[in-house]
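Structural characterization, general
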Amino acid sequence: MSGERYNPRESEPKWQKVWDDAKSFVTSNDDPREPYYVLEMFPYPSGRIHMGHVRNYSMGDVVARYHRARGRNVLHPMGWDAFGLPAENAAIERKTHPGTWTYQNIEAMKAQLKSMGLAIDWTREIATCSPEYYQHQQSMFIDMLEAGLVTRKSSKVNWDPVDMTVLANEQVIDGKGWRSGAVVEQRELTQWFFKISDFAEDLLEALDTLTEWPEKVRTMQRNWIGKSEGLRLLFELEPTEKTDVTSIEVFTTRPDTIFGASFVGLSPDHPLTTALAASNADLAEFVAECHRHGTATETLEKAEKQGFDTGLRVKHPVIEGQTLPVYVANFILMDYGTGAIFGCPAHDQRDLDLARKYGLSVKPVVLPPGADPETFSVADEAYVDAGNIFNSAFLDGLSIDDAKRKIAEYFGARQVDGKSQGTVETNYRLRDWGISRQRYWGCPIPVIHCEVCGTLPVPKKDLPVKLPEDVTFDKPGNALDHHPTWKHVHCHQCGASARRETDTMDTFVDSSWYYTRFTAPHAETPTVPAVANRWLPVDQYIGGVEHAILHLLYSRFFTRAMKAMGHVDVSEPFKGLFTQGMVTHETYKSQSGEWVNPTEIAIETNGEARTAKHIRTGDPISIGSVEKMSKSKKNVVDPDEIVATYGADTARWFMLSDSPPERDVQWTEAGVEGASRFQQRIWRLVNETIELTASPAASVDVQDAGALALRRIIHRSVHGVAGDIEGLRFNRAVAQIYELTNALTKALASSPSPAVTAALREGAEKLTILLSPMMPHLAESCWSLMGMHGLVADASWPDVDPALLVDNEVTMPVQINGKRRAEISVAKGTPAAEVERLVLSLEEVTRILEGKAPKKIVVVPDRIVNVVV
RNA sequence: GCGGGCGUGGUGAAACUGGUAGACACAAGGGACUUAAAAUCCCUCGGCUAUGCCGUACGGGUUCGAUUCCCGUCGCCCGCACCA
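Reference entry: report on the structure contained in this document. This one's a predicted model, so the numbers in the text were calculated from it and none came from an experiment. (Residues numbered from 1 in each chain as written. Chains lettered and ligands numbered in written order. Predicted model: local features only at pLDDT ≥ 70, side-chain atom pairs only at ≥ 80, totals over all residues. Heavy atoms only, no water.)

Turning our eyes to something else, we now look at the protein's contact with RNA strand B. If you check the shell around RNA strand B, you find 50 residues, and the closest are Thr253, Lys305, Arg350, Arg732 and Asn866. Backbone atoms, meaning sugar and phosphate, make up 70% of the atoms of RNA strand B lying within 4 Å of the protein. In the environment of RNA strand B, a phosphate oxygen lies 3.5 Å from a nitrogen or oxygen atom belonging to the side chain of Ser228. Elements represented by at least two residues in the surface near RNA strand B include exactly α7 (215-225), β11 (247-252), α19 (669-692), α21 (730-748), β35 (809-816), β36 (819-827), β37 (856-860) and β38 (864-868). The leading source of residues in the surface near RNA strand B is α21, at six residues. Of the residues assigned to the surface near RNA strand B, the class counts are 17 nonpolar, 13 polar and 20 charged. (Near = heavy atom within 4 Å. Polar contact = N/O pair within 3.5 Å; in protein donor to acceptor, adjacent residues only side chain to side chain. Helix = DSSP H or I, 4+ residues; strand = E, 2+ residues; numbered from the N terminus. Nonpolar A, V, L, I, M, F, W, Y, C, P; charged D, E, K, R; others polar.)

Here it is in C-alpha cells:
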C-alpha cells in the first residue's frame, strides 16, 4: 500500500505560504496579457466569515484560477465594506472605538479567508473606512456637486427610530428598516441626494445591453425604475369660494379613457387638500386618518378605498356642460406623478371601488373584442385589457394607443390658465438617492455651512475630512454631531464661523465604486483612468441576489457619474453578473422548543429513519425543516471548524458540488464527508499512478485501444470541465471530474499495459490541473508528488486533442414507435440508408414487424433511429 | 393582484438546438478484507401484477419522437405591490 493519508492540516498552510512567498497571485497592471477581472462582492467585516462567504469566494476563486491557467492576466482582489452601523453598536456595547472593532474584525476575517487558500491579490486590499479610500470618495463628491449631480433638499424621509437614522426607500422593507426591523416613521429633513433620477432612462435602456446578467435581476431593476408614459392634464375648477386655485393638474397613463371620467382625485398630501383642510375640520380628520393608516397598517390587506367629497367641481374637459366632483382619496400617492388623478371607474379597479362606494357613474369607454356596445357594462371588475374605444365621440373606434395619441394632440392644442392643457410626460418611479445618514461611522460629507457664504464644498487640498478619533456613544443619534469641537470651523472663503456637515454618506456609496479603486488601489487620484479602462468592466461579478437592486443600481449610476467626471470611460461596471444561492442547513429543536446547534446533537440512522438526540443531555431532538443558515435558528456551521477538521479544499469542493450554483445548497455532514473521501481517493490515485510510472508523461502509444479509450475520456474531461467552468456550472464540472477519476481508478486496477500506464500518467497530470481551481492545495501536493516542474497554480490548462473528442464509432438507439427497443453500433457518419438496412435486419425489429413493411423510418444520422409501424 | 422562476428516484441533481430519462454524488441494503473497528474494495438501488408495462406535479395538444415546445389546472419559491 503506497503513501499515507493526505493531511490537509499540514499541506494547506504550507502551500499558502509557498504562494505567498512566490507572490503567485499579485497582479501587475503592466502585464501585457489579456486582462480578466473577476470579483466577488466584498464582505462587511462582521468578525467571522460564514458558509455563504465560503460558497461565494470558492466560486470566484475557481473562475480566477481557471482564467490564470488559460493565460489571462487575472485581477482578483478583496476588500472590506467597513463603514456601517454595527461598528457603532459594538462601540456602545463594548466601549471600544468603531475603528478598533472594525480593524480587529478585518484581521480575523482576513486570516479566515487566507485559510481558504484563495488566489487573491492581497496587495490591493481596501477598507472603505480608511481615509486613504474615503478621501477619494469625498473628492468625487465635490466633483459631483460641481457637476450638478448632487442636490440638497428638504424632503420627507424614512426615519428609523431605533437606528436613529434616515433610510432610502430601498432600505425600507414592508414598512420596516432593513437592518433594525423597526417600523419606519415619516419625518421632514434636509438631506443630500445623488441625482440618480437624471440617469433613469439610460439606466433602464442599458439593461438591454447587460446580456450576461440574470434576466431576473434585469427585470427587478426595470420594475424599480418604473417608467411610465402618460399625460399631464389640467382640469379647470368651477369657480368656488373655498379656494383661489383655478385648475388641478393630474397625471394619467390612460388619457384614452377621458370620456369615462367620473371624478378627480387628490392625494391626502396634495397642497390643495392641505389648503382645504385648513378650513374644513372633517377633511382634516379624514387626512389624519389616512396618515394613521398609511404608516401603521402595512400588514393589513389592501386597505379599503376611502374618499372625501371636497364639494369642489371641475369641468369635464371633453364633455361640454358636464362637471365632475373632486374627491380626496386615501389611495392616491403624493410622490408619484402630480399627486392627483382623474378616475375612470370602468377601466381602473381602484377607481371602480371608490365609485361603487360613493355612487359615482361608471361609463365604459373601451369595448372588449366581440362585446356588444349596446349591452356591455362593468359590474365589480374593471375592464383593463385591450379593446376599441366607444362612447367617446371623436375617439370612437380607435385602438387604445391611437386614442392616446389623438387625445394628447387634442389637449396639447388647448389652453387652461394660459398653459397647454395636456403635456406628454414620462414618469419614473425611481427617486433621487438620499445619501445623508446621521451617523458617525461613515464617510464624512465634505461640506461646510457658512453663515455668510452658505453651503460650500471643502477645498480639495484640505481633504480628507477625517472622522475625529475621540468620540463617545453615550447618547442616541449622531456622535459626530455630539462631538464638542469637530464641527466648529471657520469658512475657508470668508473666515466667518461655520459648521461642518455632520451627516455622513450612506455606506452604499462606499460600495458603489470599490471595484474601480481595486484597479489602482494606491493611486493619489480616485482612479488612474488608463488603468481603470483596461480592467473595467468587471468580467465576472459574483454575489448574493439580495443586492439585485440597491448595490447594483447604485454602482451603475456611480460608474456613469465617474464617466461624466472623467475618472473612467465605461458606463457599465459589471459585464457578467452571477447571483449565487444561499447555504442552508437542517434545523433542530429541543423538546422545550429551543433551537439547537448541529454541533450539539448526534444523528442516528436506522434504515431510512433518522432521529437526533442531544450529545450532552441525551434528550431527544426534533429534526426540522431546511432553512437558510442563520444565527437565530442556530443552524450555522462555522467555516473555521470545517477547515480545521476537513481542510479548506474539502469545504470548497463540497460548496461547488451537487447543487447548481444559482440554487440553494444544503450543507450536510454526509456531504462534507463524501468530499473529504474524494480528496483521499485522488491522493491514492496519484500515489498508485507514480508507483507505475515515476516520470512525467511522454507520448502515448496511439495504437493501443485501451490507452486510446482512456485518452478519449481524459481529453473529453479537459474540454468539458473547461466549458462548465466558463459557464459557471460548477456542479457539472465536479461530476465530470468524478467520472474521470472513476475511469482512471478502474484502469489502474486492471493491470494496465505499458500504453495504458502512459495514458494513466497523462490522466493523473491532467486531472491534477482540472482539480486545481477547486482543490488548489491538494492539486499542488499531487503536482509536487508527481515531480512536476513548478507550481500547478502556474500550470497552463491542458491542450485538447480535437481528434480525441469525436468517436469514430457511435451507438444509435433504435426506437419502435418512439420506445427504445435496441441499439446498433455504427461508424460515425454512416449514411441513413445503410443504417436503415441494418436496423431492419435487427431481431427485435423483425419480430415486431412480423414481415410487414414499416410505415416510416426516421434516421437522425449519428443520433437515433425510430421505426414507425 | 402583477411580474419572474421552478415542480424529475429515499436525497442533491444530470440530460447540449426536441432524440437511450435518472449521468455524478449522498443515503440505504448486501458482500469481501479484518480478532474487531475504521479505512478501502465489489455488488444492488424509479415503480409494478417483469420476456412486458408504467414513470419527469396533473389534464390535454403538436410531433416519427416531449423532462424539453404549446394550452389549461394545481403546488412551491422569489421579486414588486394602491405608481394612476
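At a minimum axis distance of 8 Å, the contact between helix α20 (residues 705-726) and helix α22 (residues 754-771) shows a crossing angle of 10°. Accordingly, the angle class assigned to the pair α20 and α22 is roughly parallel. Of the residues in α22, those touching α20 at Gly706, Ala707, Leu710, Arg711, Ile714, His715, Ser717, Val718 and Val721 are Ala755, Val756, Ala759, Leu760, Glu762, Gly763, Lys766 and Leu770. Residues that form the contact of α20 with α22 fall into these classes: 10 nonpolar, four polar and three charged. (Axes fitted to C-alpha atoms, helices over the stretch in contact; angles between N-to-C directions. Parallel < 35°, antiparallel > 145°, perpendicular 65-115°, else oblique. Contact = heavy atoms within 4.5 Å.)

Once that is clear, we can look at the packing of aromatic side chains. Summed over all chains, the structure comprises 37 aromatic pairs. With 6.1 Å between their ring centres and 50° between their planes, Phe141 and Phe194 make a pair best called tilted. Taken as a pair, Phe141 in helix α5 (residues 131-146) and Phe194 in strand β9 (residues 185-194) lie far apart in primary sequence, 53 residues in all. Each of the two residues, Phe141 as well as Phe194, counts as buried. Geometrically, the ring pair formed by Tyr515 and Phe574 is edge-to-face, given 4.8 Å between the ring centres and 65° between the ring planes. Placement of Tyr515 in helix α14 (residues 514-517) and of Phe574 in the loop between α16 (550-564) and β29 (577-580) is noted, with a sequence separation of 59 residues between them. A single burial state applies to Tyr515 and to Phe574, both of which are buried. Site record: aromatic cluster; members linked through ring pairs are Phe141, Trp192, Phe194, Phe199, Trp433, Phe508, Tyr554, Phe557 and Phe558. (Phe/Tyr/Trp six-rings, centres within 6.5 Å; stacked < 30°, edge-to-face > 60°. Buried < 20%, exposed > 50% of the residue type's maximum accessible area, 1.4 Å probe, protein only.)

Turning our attention to unusual backbone geometry. With an omega dihedral of -5°, the bond running from Leu463 to Pro464 counts as a cis peptide bond. By the element assignment, Pro464 lies in the loop between β24 (454-457) and α12 (479-482). Along the chain, Leu536 connects to Pro537 via a cis peptide bond; the corresponding omega equals -5°. As for its placement among the helices and strands, Pro537 is situated in the loop between α15 (529-535) and β28 (540-544). The phi dihedral of Lys95 falls on the positive side, at around 55°, and the residue is not glycine.

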